[in-house]
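# Descriptive analysis of the structure
The primary structure of each chain is shown beneath.
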Amino acid sequence: MADEDAGGPRVGAGIRRRRRSLDLTLADVAARSGLSSPFLSQIENDRARPSMRSLQRVADALGTTAVQLLASAEPPRTVDLVRAKEASALDPSDEARVRPLVRGHHQLHALEFTGDHDGTREFRHRNDELMYVADGAAEVEAEGRSYRLVRGDTLYLTGGVAHRWRATAPGTRVLLVAVADHIEATGDPRA
């Protein structure tokens, strides 16, 4: 299997496909996301790589998630080795780095977040998610409670639970593993 080029995988084609499937123009997405049309064009043509924050804004404008856009950056593989040194599809100058640990559109998503994270952004995923703190510390708010996690701690969130999280120590590295949104859950365990 060929290694990725030094720039890492590209998200532009997946963003363009999604935008076109919704019959939106670059100007439409710019208006919805607050990003400029020229910058969005650069992203779609892989001349610029967005930060995680910009990718989330694009995803919101397209009615999807940043995880789905990252997954669409590459074809799925039946066996895939992701080396520690492999680059992210996002802007390498961004202090908050995100690296897909599962590439392509699969039943499972896994991401590694390193550095700061936007703790004001609320997430609500369709399916279950597991958060593991590999290094540093993080704080998670879910169902009106605050959870302080340190290295080695895990937090499990059932699908549908609104939550937000932020790194609380320098060098924090968090692994998020989730069942993909396109997978139908077999029932509500809370019922």
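Bear in mind the structure is a predicted one, so any value in this text is a computation, not a measurement. (Residues numbered from 1 in each chain as written. Predicted model: local features only at pLDDT ≥ 70, side-chain atom pairs only at ≥ 80, totals over all residues. Heavy atoms only, no water.)

## Considerations on the pattern of salt bridges
One pass over the structure, following the stated rule, counts 12 salt bridges. Glu44 is the partner of Arg16 in a salt bridge, and the nearest nitrogen-oxygen pair spans 3.7 Å. Taken together, the residues Arg16 in helix 1 (residues 12–21) and Glu44 in helix 3 (residues 37–44) connect sequence positions 28 residues apart. The buried category is assigned to Arg16, whose relative accessible area is 18%. Since its relative accessible area comes to 5%, Glu44 is described here as buried. Here Arg148 makes a salt bridge to Glu139, at a shortest N to O gap of 3.5 Å. What makes Glu139 buried here is its relative accessible area of 15%. When salt bridges that share partners are traced, they join Arg99, Glu112, Asp135, Arg151 and Arg173 into one network. (Salt bridge = Lys/Arg side-chain N within 4 Å of Asp/Glu carboxyl O. Helix = DSSP H or I, 4+ residues; strand = E, 2+ residues; numbered from the N terminus. Buried < 20%, exposed > 50% of the residue type's maximum accessible area, 1.4 Å probe, protein only.)

## Things to note about the sheet that holds strand 8 (residues 173–179)
Within the open sheet, the 5 strands sit side by side as 1-2-8-3-6. Their pairing is antiparallel. With one partner strand each, in any of the chains shown, strand 1 (97–100) and strand 6 (154–157) form the two edges of the open sheet. With direction set aside, neighbouring strand axes in the sheet form an average angle of 20°. In terms of strand pairing, strand 1 meets strand 2 (residues 108–114) through 4 bridges, oriented antiparallel. Across the sheet, Pro100 pairs through a bridge with Leu111, a residue of strand 2. (Pairing = 2+ DSSP bridges. Axes fitted to C-alpha atoms, helices over the stretch in contact; angles between N-to-C directions.)

## Focus: the nonpolar core
Residues Ile15, Leu55, Val58, Phe113, Met131, Trp165 and Val174 are the most contacted members of the largest nonpolar core, which totals 33 residues. The element contributing the most residues to this core is helix 4 (residues 52–61), with 5 residues. Mapping this core onto the domain boundaries places at least three of its residues in each of domain 1 (11–72) and domain 2 (97–179). (Core = buried A, V, L, I, M, F, W, Y, C linked by side-chain atoms within 4.5 Å. Domains from an automatic or database assignment.)

## Here's the deal with helix 3
Every buried residue of helix 3 is listed here: Leu40, Ser41, Ile43 and Glu44. For helix 3, the angular spread of buried residues about the axis comes to 160°, placing them on one side. Looking at the buried side of helix 3, the elements it contacts are helix 1, helix 2 (26–33) and helix 4. Two or three places before Phe39, at the start of helix 3, stands the capping residue Ser36, its side-chain oxygen 3.1 Å from that residue's backbone nitrogen. (Arc of directions from axis to C-beta. Contact = heavy atoms within 4.5 Å. Polar contact = N/O pair within 3.5 Å; in protein donor to acceptor, adjacent residues only side chain to side chain.)

## Observations concerning the side chain of Thr64
Mapped onto the elements, Thr64 comes out in the loop between helix 4 and helix 5 (66–71). We classify Thr64 as buried; its relative accessible area is 18%. Apart from residues no more than four positions distant in its own chain, Thr64 is found in contact with Arg18, Ala59 and Leu69.

Scope: geometric values only; no functional claims are made or implied.
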